[in-house]
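Inside the fold
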Amino acid sequence: MSGPSTWVHDFARESSVKVSGFPTASVKPIWSPDGSRVAFAVNREGHFDIYSAPADGAGPDALILKSTAMKYPQSWSNDGKWLLYTTVDPVTKEDLWTVPMSGTTAGKPEPFLATNYRETDASFSPDGHFVAYVSDESGTSRCNVFHKVASISASPGGKNSKETLIGMGILIELLRG
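Below or above, wherever it landed, is the structure these notes cover.

Calculation notes
- Residues numbered from 1 in each chain as written.
- Predicted model: local features only at pLDDT ≥ 70, side-chain atom pairs only at ≥ 80, totals over all residues.
- Heavy atoms only, no water.
- Helix = DSSP H or I, 4+ residues; strand = E, 2+ residues; numbered from the N terminus.
- Buried < 20%, exposed > 50% of the residue type's maximum accessible area, 1.4 Å probe, protein only.
- Contact = heavy atoms within 4.5 Å.
- Core = buried A, V, L, I, M, F, W, Y, C linked by side-chain atoms within 4.5 Å.

What follows deals with the overall build of the protein chain. Secondary structure assignment for the protein chain yields 1 helix and 15 strands. Counting across all 177 residues of the protein chain, residues that qualify as buried make up 44%. For the protein chain, the share of sequence-separated contacts (at least 6 apart) that also reach a separation of at least 24 residues comes to 32%.

Non-glycine residue K28 carries a positive phi angle of around 60 degrees. If you trace the backbone, K28 turns up in strand β3 (residues 26-31). The backbone of D121 shows a phi angle near 50 degrees, a positive value even though the residue is not glycine. Looking at where D121 falls in the secondary structure, it is placed in strand β12 (residues 119-124). Taking the relative accessible area as the measure of exposure, D121 reaches 34% and is therefore partly exposed.

Looking now at the nonpolar core. Membership of the largest hydrophobic core is limited to 10 residues, which are I30, A39, I50, I64, L65, W76, L83, Y85, V99 and M101. Of all the secondary structure elements, the ones that give two or more residues to this core are β6 (62-65), β8 (82-89) and β9 (93-102). If we skip the residues at most four places from it in the chain, A39 touches K28, P29, I30, Y51, S52, I64, P73 and W76. Within the second largest apolar cluster, 9 residues are counted, among which are L113, A122, V131 and Y133.

Below, the structure written as C-alpha cells:
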C-alpha cells in the first residue's frame, strides 16, 4: 500500500526533502518545538502509529507510539516535554491523549480528555498553559480552550476529568465550519 508521504519544503532554497522513510501513507505532520524533527502518523499495519524523523531528512524515523488504535499527532508542547495526540476509539470516538517526551523517547501515554464525544484538532498554547481543541459535545463542532494545571498529569491517576477541565476552562463560542 502506498500513499502520501511527509515532506519538508525549504522556501529559501526552493527545495523539498522527504522525511518519512516509509513506502506506506504518512499523514498529519507536526513540528517539534525546536524545528529539528517532524512527527507524523504512518499506516503500516492497518492503523496509524506515530513516528518522528529529522526535519532535514538526514536520519532514520523513530517510533514514538505503537498500538492497535488509530492515532494522529496534534501538537508538541513548546518545552518539548509533551506530545498531544488524537486516538480513535469505537466507543468514545476521538479522544485526546498525551505522552511525555524526552528527545525521541516517549514515556507512558495518558488520556487527557476522553468522553463519548469527539475531541480532536488540538494544540498547546505557546506558553503551555492552555490546550485548544474541537469537540462536538454541544451537537456542533466548537473550539474549546482549557487551562492545564501545573502538568498534564495534574489529577489523580494521571487522568484529567472533564469536570476538572470545565471548572478551569473558557469556552470560546466559535463554530467550526
